[in-house]
Amino acid sequence: MSKKILILPGDGIGPEIVNQAVKVMDKLAGEGLDIELDEALVGGAAIDATGGPLPDTTLDLAKEADAILLGAVGGYKWESLDIAIRPEKGLLGLRAGLNLFANLRPAILYPQLADASTLKPEVVSGLDIMIVRELTGGIYFGQPRGVRELDDGEREGFNTLVYRESEIERIMRVAGDIARKRDSRVCSVDKANVLECTELWREVAVRVMEKDYADVELSHMYVDNAAMQLVRAPKQFDVMVTTNMFGDILSDCAAMLTGSIGMLPSASLDENGKGMYEPIHGSAPDIAGQNKANPLATILSVAMMLRYSLDEAAMADRIENAVNKVLDDGLRTPDIMADGMKEVSTEEMGDAVTAVL
Ligand code: ATP
Ligand code: MG
């Protein structure tokens with residue numbers, strides 16, 4: 001039976017970059033990849049059409065799909081809305097509604113783009129790390145939370161860092177499984193010297209990995225040191241696994257090591273390997289509608305989809321090889337343009353990857 005892919009273009013550059021990824025999928029579909037595409041509204045586009053960022057019809061289609069490709073959401077137009085009905089709420093609703101608890105963020109430095117990093121070549125050349133971030137728990141969701149007024153009239157803000165053992169265990173398994181397909185090393189990042197919750201995190205990490213992933217090397221690092229090591233010597237890492245908040249921060253840090261925000265894909269997976277795939281960058285309203293956004297992060301998100309949700313690793317390799325080929329050929333969107341290279345538009349880049357395929 002063909003696999004159902006739901007396309008959620010979203011806002012800003014979302015529709016432009018998603019179109020290029022759809023070209024790539026159509027090409028592969030013409031060569032035997034058995035997929036069926038559908039499309040729905042999310043984010044600001046959904047607010048304009050329906051009054052809310054995540055219509056029920058979109059969530060229902062997302063639940064039925066085998067995988068979802070998302071562009072990006074948000075833009076100036078919706079910035080004054082109440083936080084509860086902003087475009088970004090659409091994303092959070094999808095993550096929660098689909099129980100996408102594992103966020104995978106590769107940080108890869110393409111050798112063709114080595115100059116884009118602000119770090120020295122010897123520090124970053126060949127960089128290839130995977131950050132596995134817990135996405136549905138921790139301090140971003142823990143109760144109680146809020147701002148309250150105290151007896152003396154001063155206000156106090158509070159949030160709760162909480163993880164169940166089962167939540168820690170399942171994210172460790174994701175990290176262990178991915179490490180096996182890579183260099184078999186997992187670094188678990190916590191703050192076990194200060195936070196009891198992450199003391200438990202470390203304990204469960206050891207238990208799960210010793211029991212079921214004895215072939216994977218496990219190490220631990222406090223988050224402050226991990227941030228420092230990422231910038232000092234990032235190539236020491238293979239897979240990093242961490243909590244929701246630490247992962248949010250470290251994955252942005254790791255992405256910037258490559259200097260190419262338009263090149264990095266991401267995946268958010270549920271317990272059965274179903275996933276939502278999207279570029280790590282936002283909707284880039286400053287360049288929307290100008291046919292100059294880099295579509296490669298979105299195209300590489302399709303490669304991740306093939307690898308992690310559709311069990312089509314060979315097709316994923318083909319996309320990644322095609323991206324490497326267009327970079328080798330010197331094609332560059334403005335964000336990654338350099339001397340002696342050929343500047344192309346969003347559309348031309350999408351066409352070039354499709355042509356190589
Ligand atoms: P969000 O809050 O949605 O993460 P953001 O404020 O972090 O958004 P982005 O939308 O990611 O910001 O954009 C940051 C900068 O990077 C902008 O100048 C934008 O134009 C640029 N940018 C982002 N994505 C791309 C892309 N695919 N191609 C070219 N430039 C991009
Ligand atoms: Mg951002």
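The model shown is predicted, which means the values in this text are computed figures rather than measured ones.

I tried to follow the sheet that holds strand E11 (residues 265–269) on my own but got confused; where do I start?
The sheet built from 10 strands is open, its strands ordered E2-E1-E3-E12-E11-E4-E5-E10-E8-E9 with mixed pairing. Here the strands that pair on one side only, and so sit at the sheet edges, are strand E2 (35–39) and strand E9 (217–222). In this sheet, adjacent strand axes meet at a mean angle of 20 degrees when their direction is disregarded. Relative to E9, strand E8 (residues 185–190) runs parallel, the two sharing six bridges. Of the residues in E9, the one forming a bridge with Ser188 is His220. Of the strands in this sheet, strand E1 (3–10), E2, strand E3 (67–72) and strand E12 (275–279) are in contact with helix H1 (residues 14–29), which crosses E3 at around 145 degrees. In the packing of helix H7 (residues 196–212) onto the sheet, contacts are made with E8 and E9, and the angle to E8 comes to roughly 165 degrees.

Help me understand the environment of Glu79 in this model?
Relative to the helices and strands, Glu79 is located in the loop between E3 and helix H4 (87–97). On the basis of neighbour counts, which here come to 11 C-beta atoms within 10 Å, the residue Glu79 falls in the exposed class. Here the alpha-carbon distance between Glu79 and Asp151, two residues 72 residues apart in the chain, equals 34 Å.

When you look at the site of ligand 1 in this model, what are you seeing that I'm missing?
Inspection of the region around ligand 1 gives 14 residues, with Gly262, His281, Gly282, Ala284 and Asn294 positioned closest. For the shell around ligand 1, a count of residues per class yields six nonpolar, six polar and two charged.

Sorry, what's going on with the pairing of strand E7 (residues 155–158) here?
Both faces of the sheet carry side chains from a regular strand, because those side chains alternate between them. Sheet analysis places strand E6 (residues 146–149) next to E7, joined by four bridges and oriented antiparallel. By the bridge assignment for E7, Val147 is matched with Gly157. The hairpin formed by E6 and E7 contains five residues between the paired strands, and Gly153 there has a positive phi angle of roughly 95 degrees.

Can you walk me through the environment of Gly10 in this structure?
Mapped onto the elements of the fold, Gly10 is located in strand E1. Each C-alpha atom of the pair Gly10 and Gly44 lies 7.0 Å from the other, and the pair is 34 residues apart in sequence.

Would you explain the UniProt feature "domain: Isopropylmalate dehydrogenase-like" (unreviewed entry) in the protein in this entry?
When the UniProt feature table is mapped onto this chain numbering, "domain: Isopropylmalate dehydrogenase-like" (unreviewed entry) sits at residues 4–353. End C-alpha atoms of residues 4–353 are separated by 23 Å, and the span's content is 41% helix alongside 20% strand.

Please explain the packing of helix H8 (residues 223–232) against helix H9 (residues 244–258) as it appears in this structure.
Helix-helix packing is described using two parameters, namely the angle between the two axes and the distance between the axes. Interhelical geometry of H8 versus H9 gives an angle of 10 degrees and a closest axis separation of 10 Å. In terms of their interaxial angle, H8 and H9 are classed as roughly parallel. Across the interface between the two elements, Val223, Ala226, Ala227 and Leu230 from H8 touch Phe246, Leu250, Cys253, Ala254 and Leu257 from H9.

Could you clarify how one ought to interpret H7 in this entry?
Note on helix geometry: an α-helix contains 3.6 residues per turn, so any two residues three or four positions apart are oriented the same way. For H7, which comprises 17 residues, the first-to-last C-alpha distance of 24 Å matches the rise-based estimate of 24 Å (1.5 Å per residue) to within 8%. Of all the positions in H7, only Thr198, Trp201, Val204, Ala205, Val208 and Met209 are classed as buried. Here the buried residues of H7 occupy an arc of 120 degrees about the axis, which is enough to place them on one side. Exposed and oriented more than 90 degrees from the buried face of H7 are Glu196, Glu210 and Lys211. For H7, the secondary structure elements touched by its buried residues are helix H6 (165–180), E8 and E9.

Cut-offs applied
Residues numbered from 1 in each chain as written. Chains lettered and ligands numbered in written order. Predicted model: local features only at pLDDT ≥ 70, side-chain atom pairs only at ≥ 80, totals over all residues. Pairing = 2+ DSSP bridges. Helix = DSSP H or I, 4+ residues; strand = E, 2+ residues; numbered from the N terminus. Axes fitted to C-alpha atoms, helices over the stretch in contact; angles between N-to-C directions. Contact = placed C-beta atoms within 7 Å. Buried ≥ 20, exposed ≤ 12 C-beta atoms within 10 Å, placed from the backbone. Near = placed C-beta within 6 Å. Nonpolar A, V, L, I, M, F, W, Y, C, P; charged D, E, K, R; others polar. UniProt positions renumbered as here; feature names shortened; annotations may be inferred. Parallel < 35°, antiparallel > 145°, perpendicular 65-115°, else oblique. Expected span 1.5 Å × (residues − 1). Arc of directions from axis to C-beta.

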